[in-house]
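# Structural features, examined
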Amino acid sequence: MSSGLQRGDGGRKARGLAAAALVLILSATAGMADVFDARRAIDTQISRAHAEGWVVPSVRDLDRYHGEDLMELQRILEAAGADDCRKAVLTALYLDAHLPPDIQALFDDYAMSLLGIWKMPDEWDLILLLASGWGKVVLDGANTGRKVVLTPDAILEANRQRVAQNRARWVQEIVQHALLNGWDEAIVQRSQDLLRDKAERNVAEIEAEMALAAEAMRDAMAARDAAHAEADRRFRQAYEDIFGPSDVSGAVPERDVGNDDRLRIIENVRDDAKAVADRAFDAALSKIEARRNHELGIDLLDVAQARLQSMALSHYVLPVVTGRCAEVSQRMPLKDPPKQPVPADPKPGARTVAPTVGHWALVGTAAKVTLPHFSQCYDEAGTIDDGVAEWTVSKPRCGDPSGSFSVSYSWASPPEFFEPGQRYEVSATLKGAFEADWGDASLDYTLAVSHSDACQSPDNEELSLVRTAQGGPVSVSARGGHVTQGAGVLIGPDSGFGYGGPDTASRFEVRVCANSVGSFRYIYEWRDGD
């Protein structure tokens, strides 16, 4: 009886294991089918791009890429719309950014030319700056006998290799973000201005770090020299105490004391004191150099990323958004785009003269600052006005001096007049500078029926009138120092939309919520035609 039960249990277990194995097999088979479908669609896209002379990935063999990456690329292409040339650019850059690591690619001609990313013609040259700053430090320490391990060339080469490793990913990220979020020429230009400003701030930080390191090294050298002088003074005092005072001229008279053990003892004491000072000097220099090299590495990479992404916006994004996608070449030249004036608002579709037919008219604006007031440990400040807002938070108390951040918000103001159904481009930009990896912010551009300065999510009807190309809300957020942009369209609602009574004209609001500073409201009222 017992044996029969055991056999029955064993059979059930076997059937359970077989069922589990079947589930795994079916799941794996479905996953393989998804990868196969993605691979086939991507290969078709690349073939079309090659036939049309559009940009293609540097490595076309799709067996070189992970299946998950291919499925992710397929999802991106599905969100990109029907423009095959736009898809070609997204495909080429995504696949180039997701190639397996190749050590040879770090030393080809293009990768080696990335050293030039740290030169801005007629503005600054970080290669020269590092060389001149390093020369002063090495000269100051030339008599210590200490070997300087990392030269400026070594620092630049190490970071050039890091740039070569990350270049394709940086380019792909900014281009994909721009094309999937409907950027126009104005947003591209504003983004390039922000990236240029960021690079210039990083250059200033490099100059400051070099000066700080040089000053710290001079202080360490002065401390070492003072310790040496004190050791010599003590030796002289001990010598005179043992062998007699100096003569009237201050010189120690010559005596036959060369074989005196007492002389060797005080010489050893002096030499030991100098050796201790030298070791302290070496330790101080190592600490100073480690900090300087670490900070320089961060800033050098930030400069390279900002400049490469600015170049990518000119080389890849502008031709796509201006109908010149077929002009995009395979490899982006390492040349800065010329600085162009930002197209002035209002954008196409704006009205500065009241229409003669029924329309919506801007009748007022309202701003409200609503800081979150974290706690007594923080100091907060914020302002908000038409098109701009600022928010800063610092933590000077409670034992955390590095916890601070600042955020700059900007957005395109809506037009003074527009008619029902009229489409108007809107855009928003947010730049955050965060420390200690904390702090975040967001900006929401919405249309609201309610008469309130409260920030809340739009309902379906409101969302249908201010939306991105993909149908989502016009919303941007930032954390950790990123620049983010968003774009969409504002569609004029029909008459009778919004709030109001039988004896009052209909109203609605366009509301910009700069979280966590406050809100800015544009109040529109219906006007009948002539």
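Right above here is the structure, for reference.
Everything in this summary refers to the structure shown in the same document.

Cut-offs used in this document
Think of each chain on its own: its residues are numbered from 1, step by step along the sequence as written. Predicted model: local features are reported for residues with pLDDT of at least 70 only, side-chain atom pairs are reported and counted for 80 or more only, and whole-chain, interface and lining totals are derived from all residues. Side-chain metrics rest on all non-hydrogen atoms present in the structure, leaving aside hydrogens and water. Fitting a line to C-alpha atoms yields each axis, with helices limited to the stretch in contact; the angle taken between N-to-C directions then spans 0 to 180 degrees. Helix numbers and strand numbers start at the N terminus; a helix is a DSSP run of H or I with at least 4 residues, a strand a run of E with at least 2. Geometric relationships in this document are graded by angle, where less than 35 degrees denotes roughly parallel, more than 145 denotes roughly antiparallel, 65 to 115 denotes roughly perpendicular, and other angles denote oblique. Two helices cross in a left-handed way if the nearer one is turned anticlockwise from the farther one by less than a right angle. They cross in a right-handed way if the turn is clockwise. Should any heavy atoms of two residues lie within 4.5 Å, those residues are counted as being in contact. Note on disulfides: each one is a pair of cysteine sulfur atoms within 2.5 Å. Each residue gets one of three labels from its accessible area relative to the maximum for its type: buried under 20%, exposed over 50%, partly exposed in between, using a 1.4 Å probe on protein chains only. Charge counting treats Lys and Arg as positive and Asp and Glu as negative, with His and both chain ends excluded. The working definition used for a salt bridge is a side-chain nitrogen of Lys or Arg within 4 Å of a carboxyl oxygen of Asp or Glu.

## Focus on the packing of helix H2 (residues 67-79) against helix H3 (residues 84-97)
Running from N to C, H2 and H3 point in directions that differ by 155 degrees, and their axes come no closer than 10 Å. Taken together, the axes of H2 and H3 are roughly antiparallel relative to one another. Where H2 crosses over H3, the two elements pack in a sense that is right-handed. In contact with Asp-69, Leu-70, Glu-72, Leu-73, Ile-76 and Leu-77 of H2, H3 contributes Lys-87, Leu-90, Thr-91, Tyr-94 and Leu-95.

## Details of the state of the cysteines
By the definition in use, this model includes one disulfide. The side chain of Cys-85 participates in a disulfide bridge whose partner is Cys-325; the two sulfur atoms lie 1.9 Å from each other. As the torsion about the S-S bond is roughly -95 degrees, the Cys-85-Cys-325 disulfide counts as left-handed. Here Cys-85 is found in helix H3, whereas its partner Cys-325 is found in the loop between helix H8 (261-321) and strand S3 (359-369), with 240 residues between them in sequence. Owing to a relative accessible area of 9%, Cys-325 belongs among the buried residues under this scheme.

## A short note on the side chain of Asp-69
Note that Asp-69 resides in helix H2. Buried within the structure, Asp-69 lacks any salt-bridge partner; its nearest side chain of opposite charge belongs to Arg-75, at an N-O separation of 8.2 Å. With residues up to four places along the chain from it excluded, the contact list for Asp-69 reads Tyr-94 and His-98.

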